[in-house]
Amino acid sequence: MIRLACSLMLAVCAFCSQGFAQQPEFRAAWIATVENIDWPSKKGLSTEEQKREFINILDMHRRNGMNAIVMQIRPVADAFYPNPYEPWSEYLTGKQGQAPSPYYDPLQFMIEETHKRGMEFHAWLNPYRAVFNIARSSVASNHPTKVHPEWFVDYGDATVVKRYYNPGLPEVQNYLTDIIRDLVKRYDVDGVHFDDYFYPYRIPGKEFPDAKTFQQYGKGMSKDQWRRSNVDSIIVKLHKVIRQEKQWVKFGISPFGVWRNKSQDPNGSNTQAGQTNYDDLYADILLWLRKGWIDYVVPQLYWEIGHDKADYTTLIDWWSKNSFGRHCYIGLAPYRANSNTAWKDKTQLPRQIQLSRTTPNIQGQVYFSSKSFNNNPNGWNDSLRNNYYKVQVPTPPMPWLPKKPAGK
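Nothing here was measured: the structure is a model prediction, and the numbers come from that model.

What counts, and where the lines are drawn
Residues numbered from 1 in each chain as written. Predicted model: local features only at pLDDT ≥ 70, side-chain atom pairs only at ≥ 80, totals over all residues. Heavy atoms only, no water. Core = buried A, V, L, I, M, F, W, Y, C linked by side-chain atoms within 4.5 Å. Buried < 20%, exposed > 50% of the residue type's maximum accessible area, 1.4 Å probe, protein only. Helix = DSSP H or I, 4+ residues; strand = E, 2+ residues; numbered from the N terminus. Contact = heavy atoms within 4.5 Å. Lys, Arg positive; Asp, Glu negative; His and termini not counted. Salt bridge = Lys/Arg side-chain N within 4 Å of Asp/Glu carboxyl O. Expected span 1.5 Å × (residues − 1). Axes fitted to C-alpha atoms, helices over the stretch in contact; angles between N-to-C directions. Parallel < 35°, antiparallel > 145°, perpendicular 65-115°, else oblique. Left-handed = near helix turned anticlockwise from the far one by under 90°. Pairing = 2+ DSSP bridges. Right-handed = clockwise from strand over helix to strand, strands pointing away.

Draft legend 1. Quick look at the nonpolar core. Counting 118 residues, the largest nonpolar core has W39, I73, F121, W288 and W319 as the members making the most contacts within it. A total of eight residues in this core trace back to one element, the largest contributor, which is helix α8 (residues 223-245). Those residues in contact with I73, other than ones at most four positions away along the chain, are D78, A79, F80, Y81, L107, M110, F121, A123, W124, L125 and L183.

Draft legend 2. Structural view of the side chain of D284. Structurally, D284 can be placed in the loop between α9 (277-281) and α10 (285-291). We note that D284 is buried and unpaired, the nearest opposite charge coming from R290 at a distance of 5.0 Å. Excluding anything up to four places from it in sequence, D284 contacts R228, D232, W259 and Y278.

Draft legend 3. Quick look at the pattern of salt bridges. Counted under the stated rule, the structure contains 24 salt bridges. Among the salt bridges present, the one from D317 reaches K321, with a minimum N-O distance of 3.0 Å. For D317, a relative accessible area of 34% gives the class partly exposed. Residue K321 is classed as exposed on the basis of its relative accessible area, which comes to 59%. Among the charged side chains, a salt-bridge network with shared partners connects D59, E113, K116 and R117.

Draft legend 4. Focus on helix α2 (residues 47-63). Its 17 residues give α2 an end-to-end C-alpha distance of 24 Å, which sits within 8% of 24 Å, the value for a rise of 1.5 Å per residue. Buried residues along α2 sit against β1 (26-31), β2 (68-74), α3 (90-93), α4 (106-116) and α14 (380-388).

Draft legend 5. Region of interest: the packing of helix α6 (residues 170-186) against α8. At a minimum axis distance of 9 Å, the contact between α6 and α8 shows a crossing angle of 25°. Judged on the interaxial angle alone, α8 and α6 are roughly parallel. Every pair of crossing elements has a handedness; the one defined by α6 and α8 is right-handed. Across from Q173, N174, L176, T177, I180, R181, V184 and K185 in α6, the residues of α8 making contact are N230, S233, I234, K237, L238, V241, I242, Q244 and E245.

Draft legend 6. The pairing of strand β10 (residues 327-332), seen in detail. The buried count for β10 comes to six of six residues, which makes it a mostly enclosed element. On β10, burial covers both faces: H327, Y329 and G331 on one face and C328, I330 and L332 on the other are all buried. Pairing geometry for strand β9 (residues 296-297) and β10, over two bridges, is parallel. Note that in β10 the partner of V297 across the bridge is C328. Once the chain exits β9 it traverses helix α11 (residues 312-320) before rejoining the sheet at β10, and the crossover so formed is right-handed. Strand direction decides the pairing type here: β10 and strand β11 (residues 364-367), joined by four bridges, are parallel. Across the sheet, the residue bridging to G331 is V366, located in β11.

None of this, on its own, says anything about what the molecule does.
Encoded structure:
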C-alpha cells in the first residue's frame, strides 16, 4: 500500500512538472551588437558571413528552447536597417554610414528568419546613447551629433567619454518618437525593447551636464523630479505611438535590478545597491507599470542567490509583488558563469529558473547575452534543452493587447 501511494505521488509530481513546463513562458536571449558583443562577431564581415552567423545564433537558441530574441538594432544613434534618421552602424560594416555590400536589409532578414522558426522578434534600441567613445568611435557626417550638435552632451571619466542625447530637450523626445514610429510602421516587429540606459550611471564627482536645459525647462521642479519627468515623457510618447501604429506590438523595458533600496523608500527592496533606477537613472519603472505605459518589465537580476547586498531571492520576490498586472520576465546572467565561487556552482542558473517558475507573477526569463551560450557554460545549454525548455511553448498572451491580425 505504501509503495502504491508513493508511486501515485511520483506520478502526480511528474504530471504537475510536465504540465507546468508546458505553460506559456517567455524565453529569450539578448543579442547585443554594440562593440560587436554578440553579432556580427566583428566589423566588416561579408553579407553572406553576417547572414550565416545570425542563422547559427538563431538555431542555437531554438535548440535551447527559446521562443523569442531581443535584438539590438540601434546601439548608438545608428542603425542595423535603412533608416531615414540615422546612419548605418559601424558595428555592421566597420564604418558608420556605410551600407552592407552586397546590399541587404539586415533587420528585414533577421525578422524573417526569426519568424520562420516560430520565435518572436523584439527590437532593442538604446534611447539616449549616441557615441560610445568619442575618442575612437566612427561617426558619419550625417550622424545626428553632426547635424544637431545642440542636442547632445558629453559625459565620462578619464577612461572613456560618451556622447548622449539630452533627455530634457523636447526636440530630442519628438525625434526619438519619430524613430520608433518609423520602425513599427515599416517592420513586422513583435516588440520594442529598451534596456537600463536612460540617464547614464553616475560617475563619482561628475554631474550630468544638463544645468542649462534644467534652467530653461525645469518649471519649478527639483532637478531629480525634472529628470524623471523627462524619461516619463518619452515612455508615454512611445507607448502612444506604438499603439497608434500597431496595437499588438509589445513595449518592454529591462531596468537595472533595483528600483530603490528600502533605506531610501519603505516600498523599496531589502537591498544595498550603490545605484538605483529611481535615484540615479531617473527611471520610475513602477510608475510606468502602474499606468500601463509598458507591457512587460525584465529586471536584470544578475546577482547570485544569497548575494549579501542584492540577493536574487529577495529581488525576484520584490519584483513579483510590484509588476502591477503587467508581465515580468527575469533577466538572468549566464555571462557570469565561473566568475566567482557562486557562479562556478552548476546549479546556480537552474535554481534561478526554478525560483522564477515558482514565484507568482513571473512569466519568463531573458538571458544576457547570446554568446554566453556558445560554449555550453556549466552545461546550461544541456539543462535548457533536456529539462527546463525541453517542451516548446508559446509566449504568454497579454489580455490587454489585441491579437496580431492574420496576414500582418
